[in-house]
Amino acid sequence: MTITYTGEVATCRGFGCFLKLLFRWRGSIYKLVWLDLLAFLTIYYAINMVYRFGLNPTQKETFEAIVQYCDSYRELIPLSFVLGFYVSIVMTRWWNQYTSIPWPDPIAVFVSSNVHGQDERGRMMRRTIMRYVCLCLTMVLANVSPRVKKRFPGLNNLVEAGLLNDNEKTIIETMNKAFPRPSKHWLPIVWAASIITRARKEGRIRDDFAVKTIIDELNKFRGQCGLLISYDTISVPLVYTQVVTLAVYSYFLTCCMGQQWTDGKVVGNTTYLNKVDLYFPVFTTLQFFFYMGWLKVAESLINPFGEDDDDFEVNWMVDRNLQVSYLIVDEMHHDHPELLKDQYWDEVFPNELPYTIAAERFRENHPEPSTAKIEVPKNAAMPSTMSSVRIDEMADDASGIHFSAGNGKMRLGSSPSLVSVSGTLSRVNTVASALKRFLSRDDSRPGSATPSQDQPYKFPASASSASLSGGVVGSATSAGKPVGSLRITQQVIEEVDEQATITSMRANEPRPNVMDIFAPASTSGAGVSLPLQPPPAHSEPVDIPARPPSYNRAQSQYEPTLFPPGGVDALLSTSAPAGGSPLLLSNAATAPSSPVGESSKSLYDPHKAASRETERPDAPQVF
């Protein structure tokens, strides 16, 4: 069970908030390290006794040389780096495993809200769904945790606990015989999804969206259960664990020799004799305590589902999940307190919730932003004005668009800013409107400019093309600019709409109107407008020439040859043949194709096409 000490360190007072935690035994570092520390000190003193009482002077010299060698090269082992990185990985993995544990509470809330029915069958459906959910998690925890495995070693124990029925046990046993390898923890989730589907067919779930929501939660629960199994089967790479273990134990085996007391041993680089290590290796013991404790932290947290003091309370989770699930879907199903007005009904919201006497000294004020105490003087808060800005002389003069702006004012010590530029610029025309005029297909309207081969196309001059000096269009001041250049000056503030720009070029063009179909209204001598005349009478129908009685679509007047007269050209021609079948020639006067003798001409007549192009959409229509 996890050792909790958060309440004892909630408030840091006095001398050392964590010092009170050093006297705990359960879950402490002393409980993890004491056995290894005892083995280390035993080896250390055994070697020390052999040196002091079991060796002659020559052997002592050899021993001292070995001690000097081990003390010189033990720092080559990168213990801090390897061990620190390994513990960091284990700590991250430990917390991720806890956040991967699924909880049935969201599914219970969805089931209670969407599976309706106060009868026995509705209650049975809700309880059975949540029992299957809890059974799934219990089977997973039995696979990854020795504590739960010892509590539920087999299916019979699950039946005795009420998580499994006998008929369900038979199904699982049959599945285990047919497929013994894969874990069957997902099987209860499949059963729960089937019950959800049945509840929808019976009308206990009122819409498909609720079914999808519950199924999604079941799939999410199953996915987290599978993630726990993945954490159990896929651990930290063994090679990394071996490297860390070898680094720690080899380091301290080296310390057993390198930190031994010898005759004439001095403290560091000084000339003082080291007499402390003769009795007890103080700093060597502390070093062992820290590094070995670091390794023990990783050993205890690499699998948090075990039996260590800081492992997760999985047995408590099993009991809690079943109790809360049944409470939500059964005892609290469609039940809530009576709806009453709250205490602040008339006030809408409280200014402050009350404090007790004990909490009076903890009354807190509203937090202030970091710039709350910065005050800007009124003279410094005034907006700065633009001194001079000119956006002109674009690299591509062919675009015909130039901008310039400025107000002639300048403040000492101020610099132009984009904010002031945006405040002085005004749009006179747009690229879109210019392109629309340029790409217009009507070349006959006034003011249109059509590019020719002799003279390159230029945009028409604008009323706003005067320079900053106040020149007008076509004057000497604007002669240096291309025709049609647009300028935004101090005196010009104009907004031209794109559609208005297009339609303004067609002021003299009559627009087609539905009223043009009828005759215009006349005015009497008294000035009274007479009503519109009725529409003209329809024209007489035109008779369509009938087909000759000898026409037969299934017969051909040609001789049974491979190609008709005229060869392939006559076969592929789109006009009537010049010669050939007399039947075709006799119908040439009434056929809609070209006349006889003009088979070589194209269907497109340029004269007729020109007459069609000159027709206007507003021409009078004759019916």
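Conventions used here
As a convention, each chain's residues are numbered from 1 in the sequence order in which they are written. Restriction of local features to residues with pLDDT of at least 70 applies here, the model being predicted, together with a cutoff of 80 or more for giving and counting side-chain atom pairs; totals for whole chains, interfaces and linings are based on all residues. Think of the side-chain values as coming from all heavy atoms in the structure, minus any hydrogens and water. Numbering of helices and strands runs from the N terminus, with a helix taken as a DSSP run of H or I at least four residues long and a strand as a DSSP run of E at least two residues long. Exposed residues in this analysis have more than 50% of their type's maximum accessible area, buried residues have under 20%, and partly exposed residues fall in between, with area computed by a 1.4 Å probe over protein chains only. Contacts are residue-level and defined by heavy atoms, with any inter-residue pair within 4.5 Å sufficient. All accessible-area figures derive from a Shrake-Rupley calculation using a 1.4 Å probe, and residue coverage is judged against the displayed protein chains alone. One fewer than the residue count of a helix, multiplied by 1.5 Å, yields its expected span. Throughout, the arc means the angular range of directions from the helix axis out to the C-beta atoms. Any residue with relative accessible area above 30% and no salt bridge may belong to a patch, with like charges joined within 9 Å and the nonpolar Val, Leu, Ile, Met, Phe, Trp and Tyr side chains within 5 Å. One speaks of a salt bridge when a side-chain nitrogen belonging to Lys or Arg is within 4 Å of a carboxyl oxygen belonging to Asp or Glu. With axes taken as lines fitted to C-alpha atoms, and helix axes fitted only over the stretch in contact, angles between N-to-C directions fall between 0 and 180 degrees. Oblique is the label for every angle not falling under 35 degrees (roughly parallel), over 145 degrees (roughly antiparallel), or within 65 to 115 degrees (roughly perpendicular). Should the near helix be turned counterclockwise from the far one by less than a right angle, the crossing is left-handed, whereas a clockwise turn marks it as right-handed. Note on residue categories: nonpolar means Ala, Val, Leu, Ile, Met, Phe, Trp, Tyr, Cys or Pro, charged means Asp, Glu, Lys or Arg, and polar means any other residue, Gly included. Pairs of N or O atoms are called polar contacts if they sit within 3.5 Å, as long as, within protein, a hydrogen donor faces a hydrogen acceptor (for residues adjacent in sequence, only side-chain-to-side-chain pairs). Whether two aromatic rings pair depends on their centres lying within 6.5 Å, for rings of Phe, Tyr and Trp, where Trp uses its six-membered ring; planes under 30 degrees apart make the pair stacked, over 60 edge-to-face, and the rest tilted. Per residue, pLDDT captures the predictor's confidence, and it can take any value from 0 to 100. Cysteine sulfur atoms are paired as a disulfide whenever they come within 2.5 Å of each other.

Considerations on the overall build of the protein
Within the protein, the regular secondary structure consists of 19 helices and 0 strands. Expressed as a percentage of the 623 residues in the protein, the buried residues total 30%. The long-range fraction of contacts in the protein, counting pairs at least 24 apart against all pairs at least 6 apart in sequence, stands at 68%. When the accessible surface of the protein is split by element, carbon and sulfur atoms take 60% of a total near 42,500 Å².

What about helix H13 (residues 314–331)?
Compared with an ideal rise of 1.5 Å per residue, which puts 18 residues at 26 Å, H13 spans 25 Å between its outermost C-alpha atoms and is within 8% of the ideal. For H13, the full list of buried residues reads Val314, Met317, Val318, Asn321, Leu322, Ser325, Tyr326, Ile328 and Val329. Angular distribution of buried residues about the axis of H13 spans 165°; they occupy a single face of the element. Exposed and facing more than 90 degrees away from the buried side of H13 are Trp316, Gln323 and Glu331. In this structure, the buried residues of H13 make contact with helix H3 (79–99), helix H4 (105–114), helix H5 (120–144) and helix H6 (146–151).

Structural notes on a nonpolar patch on the surface
On the surface, Val276, Tyr279, Phe280, Val282, Phe283, Leu286 and Phe290 cluster together into a nonpolar patch covering about 770 Å² of accessible area. Within the element layout of this structure, Phe283 appears in helix H12 (residues 282–301).

Describing helix H9 (residues 187–201)
If you check H9, its first and last C-alpha atoms are 22 Å apart, about what 15 residues at 1.5 Å a residue would give, namely 21 Å. The complete set of buried residues in H9 reads Leu187, Pro188, Ile189, Trp191, Ala192, Ile195, Ile196 and Ala199. Taken from the residues just after H9, Gly203 is the one with a positive phi, measuring 85°.

A short note on the packing of H4 against H5
At their nearest, the axes of H4 and H5 sit 10 Å apart, and the two run at 165° to each other. Judged by the inter-axis angle, H4 sits roughly antiparallel to H5. Helix-helix and strand crossings are classified by hand; for H4 and H5 the assignment is right-handed. Contacts from Ile107, Ala108, Val111 and Ser112 in H4 reach Arg126, Ile129, Met130 and Val133 in H5. For the contact of H4 with H5, the residue count by class is 6 nonpolar, 1 polar and 1 charged.

What to know about unusual backbone geometry
In this structure, His334 is a non-glycine residue whose phi angle is positive, near 50°. Looking at where His334 falls in the secondary structure, it is placed in the loop between H13 and helix H14 (418–424). The phi angle at Val348 is positive, at roughly 70°, despite the residue not being glycine. Looking at the secondary structure, you find Val348 in the loop between H13 and H14.

Here we look at the side chain of Arg74
Examined against the element boundaries, Arg74 turns out to sit in the loop between helix H2 (57–73) and H3. For Arg74, the side chain forms a polar contact with the side chain of Glu75, separated by 3.0 Å.

Comments concerning the environment of Arg52
Looking at the secondary structure, you find Arg52 in helix H1 (residues 29–53). Not counting residues within four places of it along the chain, the set of residues in contact with Arg52 comprises Lys60, Trp261 and Leu278.

Here we look at the pattern of salt bridges
Under the counting rule described, the total for this entry stands at 20 salt bridges. Two residues, Lys150 and Glu307, come together in a salt bridge whose shortest N-O distance is 2.6 Å. Placement of Lys150 in helix H6 and of Glu307 in the loop between H12 and H13 is noted, with a sequence separation of 157 residues between them. Lys150 sits in the exposed class, given a relative accessible area of 61%. In this structure Glu307 comes out as partly exposed when scored by relative accessible area, which is 47%. One salt-bridge network, in which partners are shared between bridges, spans Asp119, Arg121, Glu202 and Arg204.

Observations regarding the packing of aromatic side chains
All chains considered together, the criterion is met by 20 aromatic pairs. Centre to centre, the rings of Tyr69 and Tyr73 are 5.0 Å apart; their planes meet at 50°, and the pair counts as tilted. Of this pair, Tyr69 and Tyr73 both sit in helix H2, 4 residues apart, which is roughly one turn of that helix. A relative accessible area of 55% means that Tyr69 is categorised as exposed. Between Trp94 and Trp95 the ring centres are 6.2 Å apart and the planes differ by 50°, which places this aromatic pair in the tilted class. What links up through ring pairs into an aromatic cluster is the set Phe40, Tyr251, Phe252, Phe288 and Tyr291.

Some remarks on the packing of H3 against H12
Put simply, H3 and H12 touch, their axes get as near as 9 Å, and they point 30° apart. Classified by the angle between their axes, H3 and H12 sit roughly parallel to one another. The way H3 lies across H12 gives a crossing that is left-handed. Within the contact between the two elements, H3 uses Leu79, Ser80, Leu83, Gly84, Tyr86, Val87, Val90, Met91 and Trp94 and H12 uses Tyr291, Trp294, Leu295, Ala298 and Leu301. When its residues are assigned to classes, the contact of H3 with H12 shows 12 nonpolar, 2 polar and no charged.

With respect to the confidence of the model for the protein
Looking at the protein as a whole, its pLDDT mean stands at 75, while 62% of the residues score no less than 70. Mean pLDDT across the elements of the protein ranges from a minimum in helix H18 (residues 582–586), with 42, to a maximum in H9, with 96. With pLDDT under 50 throughout, residues 387–428 is counted as low confidence; its partners more than four residues away or in other chains account for 80 contacts. When the criterion is pLDDT under 50, residues 608–617 qualifies, and its contacts beyond four places in sequence or with other chains add up to 4 contacts.

Describing the state of the cysteines
Here, disulfide denotes a covalent bond that connects the sulfur atoms of two cysteines. Going through the model one piece at a time under the given rule, you end up with 0 disulfides. Of all cysteine sulfurs in the structure, the one in Cys136 sits closest to Cys134, which takes part in no disulfide; the separation is 9.8 Å.

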